[in-house]
Amino acid sequence: MNKKRKNILVIGSGGREHAIVWKVKKSPLAGEVFCLPGNSGISRDASPAGIPLDFERVKSFTEEKDIDLIIVGPEAPLVEGFADFFKESRVMVFGPVKDGAMLEGSKVYAKDFMKKNGIPTAGYEVFDNESDAQDYLSSKKEDVVIKADGLCGGKGVIIPETPRKAREAVRVLMKEKKFGEAGSKIIIEDKLQGEEASVLVMISGEKYVYLSPSQDHKPVFDGDNGPNTGGMGAYAPTSAISSSVMEKIDRKITKPVIDGLKERGIDYRGVLYLGLMIHSEEPGVLEFNVRLGDPEAQAVLGLMESDFLEAVLDLMENRKPDIKWKDGYVVDVVLASGGYPGSYRKGMEISMGDIDEDIMLFHSGTRERDGVLYTDGGRVLNVAAAGKDIERAREKVYGAIEKINFEGMHYRTDIGLKEVMRK
Ligand code: AMP
Ligand code: GLY
């Protein structure tokens, strides 16, 4: 490999991007690291680019700062063609081109891709007018999940508790257009039972490597109660993915995905996130995302022993990376604002006692003013720790959280508990 230090730009502003910057900075291959836009935690570790996310402006910035690699955290720029824009330039973009990003950008596209390539997923129907969708619901006896086709910032999936709520969800998406055009097409799919887990795959064309399997905790309250959020915490690895399940994921999901991308002429370079439901040791795909998960990235990058930047560069230069993992577990807990995932207030002062050196603190939504830290989002901070077993990692994380406070702060106390129970 060309061992010249690389200048890097990380796009995004959440806990995931903070974890990416934190990990990249540890690499001897890293030169200057910039963030766009970053947040008050990220900008302690990376220099803010100070420009809007305008493709032309980013291009000029990469020339000015001699950027070699852009790592894209969130999906939206990818779906808008960010990687395509840089295709002919000398800057490498870790994140797929638009045609690949559509696996997340359109749920209908993703379902059709799965069907065509024989990838196990829930049965579904697509609707582009409300009355057909309502007729279908009237005829359907089983539980369903309703999904807007387009990107809705993680809010476009509704799991109705009753048939009446299902009809209401369809009306809100299609008639009231709560998410605008994203809901002009919807999917009604069968509700799957089982245990959810996330498997992240780093892909470069036909080469790919798995990251440690992890488990997110989406509902806001302990015991998976309350509405879904962007994710309240994660741990890695997870035994929800046994080696036999992993073998099935590889054979029934990843390989057909790689073949399907090839058949469509898509040169996919980036992460593919497999959101999975495991039932009786059989994996099914709930969703694809075209990026690292948040908060999965915080747990997975925290657990990675080897150099993440080197792995990215290997993939970009067509070599299969060799990734090494620490023994034990990493647990990441999200501290959220009062009211999240509903409406919440910003600007609460955050107090923080002495946090041990071995605790990883990743900022999601914070703002610093005159040396004081304030809340600035629904998900505010991530506290993560490694431990030789899951119990130890949990003890360390929850011990550190006792030293942090802000008005309205809430978090789940059971992150990783399923793993404890399984053992
Ligand atoms: P998605 O954005 O498609 O992953 O959906 C968000 C969440 O909704 C998932 O993490 C699951 O918890 C849930 N979900 C989505 N599709 C289904 C399904 N077919 N059956 C059961 N739960 C689902
Ligand atoms: N943790 C779920 C996601 O990143 O989509």
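Here is a short report on the structure shown in this document. (Residues numbered from 1 in each chain as written. Chains lettered and ligands numbered in written order. Predicted model: local features only at pLDDT ≥ 70, side-chain atom pairs only at ≥ 80, totals over all residues. Heavy atoms only, no water.)

### What to know about the overall build of the chain
The helix and strand inventory of the chain stands at 14 helices and 24 strands. Computed over C-alpha atoms, the radius of gyration of the chain comes to 21 Å, within 12% of the 22 Å expected from 2.2 N^0.38 for 423 residues, which places it in the range of a compact globule. Dimensions of the chain along its principal axes, counting C-alpha atoms only, are 60 × 50 × 45 Å. In the chain, which comprises 423 residues, the proportion classed as buried is 56%. (Helix = DSSP H or I, 4+ residues; strand = E, 2+ residues; numbered from the N terminus. Rg over C-alpha atoms; globule rule 2.2 N^0.38 Å. Buried < 20%, exposed > 50% of the residue type's maximum accessible area, 1.4 Å probe, protein only.)

### Notes on the side chain of T238
Considering the arrangement of structural elements, one finds T238 in the loop between β15 (233-236) and α10 (243-263). Sequence-distant contacts of T238, that is, excluding residues within four places in its chain, are made with A197, P213, S214, Q215, E419 and R422. (Contact = heavy atoms within 4.5 Å.)

### With respect to the pattern of salt bridges
Applying the stated criterion across every chain, the model contains 37 salt bridges. Across the pair K147 and E189 runs a salt bridge, and its minimum N-O distance is 3.0 Å. One end of the pair, K147, is in strand β7 (residues 144-148); the other, E189, is in strand β9 (residues 186-190), with 42 residues separating them in the sequence. We note that K147, like E189, is buried. (Salt bridge = Lys/Arg side-chain N within 4 Å of Asp/Glu carboxyl O.)

### Concerning unusual backbone geometry
In this structure, the amide linkage connecting L36 to the following residue, P37, adopts the cis form with an omega of -5°. Position of P37 relative to the elements: it lies in strand β2 (residues 30-37). Along the chain, A236 connects to P237 via a cis peptide bond; the corresponding omega equals -5°. Relative to the elements of secondary structure, P237 occurs in the loop between β15 and α10. You will see that K177, though not glycine, has its phi angle at about 50°, which is positive. By the secondary structure assignment, K177 is in the loop between α9 (163-174) and β9. The backbone of E281 sits at a positive phi, close to 65°, despite the residue not being glycine. Here E281 lies in the loop between β16 (269-279) and β17 (282-289). E281 gets classed as partly exposed once you look at its relative accessible area, which sits at 40%.

### Describing the site of ligand 2
Taken together, D216, K218, G230, Y273, N289, R291, G293, D294, P295 and E296 make up the full set of residues near ligand 2. Here an oxygen atom of ligand 2 and a side-chain polar atom of R291 are 2.9 Å apart. (Near = heavy atom within 4 Å. Polar contact = N/O pair within 3.5 Å; in protein donor to acceptor, adjacent residues only side chain to side chain.)

### Section: the pairing of strand β23 (residues 379-387)
Most of β23 is tucked away: eight of the nine residues are buried. Alignment of strand β18 (residues 329-336) against β23, held across eight bridges, turns out to be antiparallel. Across the sheet, the residue bridging to D332 is A384, located in β23. (Pairing = 2+ DSSP bridges.)

### Structural notes on the sheet that holds strand β1 (residues 6-12)
The five strands lie next to each other as β3-β2-β1-β4-β5, forming an open sheet whose pairing is parallel. Strand pairing shows two members of the sheet lacking a second neighbour, β3 (47-48) and β5 (92-94), which therefore form its edges. The pairing of β1 with strand β4 (residues 69-72) spans four bridges and is parallel. By the bridge assignment, I11 is partnered in β4 with V72. Contacting β1, β2, β4 and β5, helix α12 (residues 308-316) runs over the sheet at an angle of about 115° to β5. (Axes fitted to C-alpha atoms, helices over the stretch in contact; angles between N-to-C directions.)

### Quick word on the site of ligand 1
Surrounding ligand 1, one finds 16 residues, the nearest of these being E189, L192, E196, K218 and E287. Taking D190, its main chain carries an N or O atom lying 3.0 Å from a nitrogen atom of ligand 1. Within the side chain of E287, an N or O atom sits 2.7 Å from an oxygen atom of ligand 1. Protein contacts shield 91% of the accessible area of ligand 1, which totals 470 Å² for the unbound molecule. At the level of elements, β7, β9 and β17 are the ones that each hand at least two residues to the shell around ligand 1. Across the shell around ligand 1, the residue classes tally to seven nonpolar, one polar and eight charged. (Areas by Shrake-Rupley, 256 points an atom, 1.4 Å probe, with all protein chains shown as cover. Nonpolar A, V, L, I, M, F, W, Y, C, P; charged D, E, K, R; others polar.)

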